[in-house]
Amino acid sequence: MNIPLSSSRNRPVPYAQAGFPKECDVPGAKNIQKAKDLIEAYEKGKISIDEFPCDDAVPGIWQTWGKNGSIVPIPGGEINTPGVYGFKFLSDRKDNTPLGISARFGPYDNIPHYHREPEWFYVLQGEALLNVDGSFHRFKKGDIVYFEENVIHDMIIVKPELFVHFWGFPFDPDWKSYAYYTRENTRENEQIQRIFDEVDEMRVATGIAPNPRGDRPLKEGVVPVTLWWEKNKKRYAVQADHS
């Protein structure tokens, strides 16, 4: 079990200015040109989110997690309800370099997690708060970011609107040994628990309660994600204007 970092060293940057993360433009990275072509077509208005092409081997529909980790179709086929999470695979896992789109209708909190495979994210619609460079930063439409291997992701949607991002694993993940690590399934490792504590401290500094909270009391000014926007939207708007 690898010891993670509590946040990526990489801040989100506008794709139009920075292009694709340089870490992916190296031998061994796969599906990168396909991802670049799709992003550039999207930014030029040539395709919509619903028009991102799917390989024949994938369902091409919005799916979500069912019971016991199963994958099931989104009820109704659309992500239009607050608190709903869904994803659509664009390429088959058999090629070991999957691409996909994920969507969350906010406000939406997630369980901080990490895995051994690096991953990149590009925002297609909306904005979120993302743990990078030791604190939470805005991650908004047109931004791209590269998360190194074994870095905890905590992508929080505080606004009551839809957030959609494009993602991919640039290097060959071995899906037979793929593991999704959270606070809950690393309880026996005190060092890893301290790293998750660092993520919680970043959340508290932003006024957002840890997830999962457990029995920990909330400090004054700290609220669950579902209440954060009403409490902070005026201050957030001012910060956004100066970012």
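The structure we're discussing is the one just above.
Summarised in this report is the structure supplied together with it. Note that the coordinates shown come from a computational prediction; the quantities given were computed from them, not determined experimentally.

Over its 16 residues, helix α3 (residues 190–205) extends 22 Å from the first C-alpha to the last, a length consistent with the 22 Å expected when each residue adds 1.5 Å. Along α3, the positions that sit buried rather than exposed are Ile-192, Gln-193, Ile-195, Phe-196, Val-199, Asp-200, Met-202 and Arg-203. Along the axis of α3, the buried positions cluster into a sector of 165°, meaning they face one direction only. Seen from the buried face of α3, the exposed residues on the opposite side, beyond 90 degrees, are Glu-190, Glu-201 and Ala-205. The N-capping residue of α3, defined by a side-chain oxygen 3.1 Å from the backbone nitrogen of Gln-191, is Asn-189.

We now examine the packing of aromatic side chains. On inspection of all chains with the given rule, the structure shows 16 aromatic pairs. An angle of 50° between the planes, with centres 5.8 Å apart, marks the rings of Tyr-85 and Phe-87 as tilted. For Phe-87, a relative accessible area of 3% corresponds to the buried category. Three or more aromatic residues link up through ring pairs in this structure, and these residues are Tyr-15, Phe-20, Tyr-42, Phe-52, Trp-120, Tyr-122 and Phe-166.

Per the stated rule, a full pass over the model turns up 15 salt bridges. The partner of Asp-55 in a salt bridge is Lys-34, with the nearest N and O atoms 3.2 Å apart. Of this pair, Asp-55 sits in the loop between α2 (32–43) and β2 (63–65) while Lys-34 sits in helix α2, placing them 21 residues apart in sequence. The salt bridge involving Asp-197 is made with Arg-183; its shortest N-O contact spans 2.8 Å. On the criterion of sequence distance, the pair formed by Asp-197 in helix α3 and Arg-183 in the loop between β13 (181–182) and α3 is long-range, its members being 14 residues apart. Residue classification places Asp-197 among the partly exposed residues on the basis of a relative accessible area of 32%. Several salt bridges converge on common partners, so that one network encompasses Asp-109, Asp-154 and Arg-203.

The rules behind these values
- Residues numbered from 1 in each chain as written.
- Predicted model: local features only at pLDDT ≥ 70, side-chain atom pairs only at ≥ 80, totals over all residues.
- Heavy atoms only, no water.
- Helix = DSSP H or I, 4+ residues; strand = E, 2+ residues; numbered from the N terminus.
- Expected span 1.5 Å × (residues − 1).
- Buried < 20%, exposed > 50% of the residue type's maximum accessible area, 1.4 Å probe, protein only.
- Arc of directions from axis to C-beta.
- Polar contact = N/O pair within 3.5 Å; in protein donor to acceptor, adjacent residues only side chain to side chain.
- Phe/Tyr/Trp six-rings, centres within 6.5 Å; stacked < 30°, edge-to-face > 60°.
- Salt bridge = Lys/Arg side-chain N within 4 Å of Asp/Glu carboxyl O.

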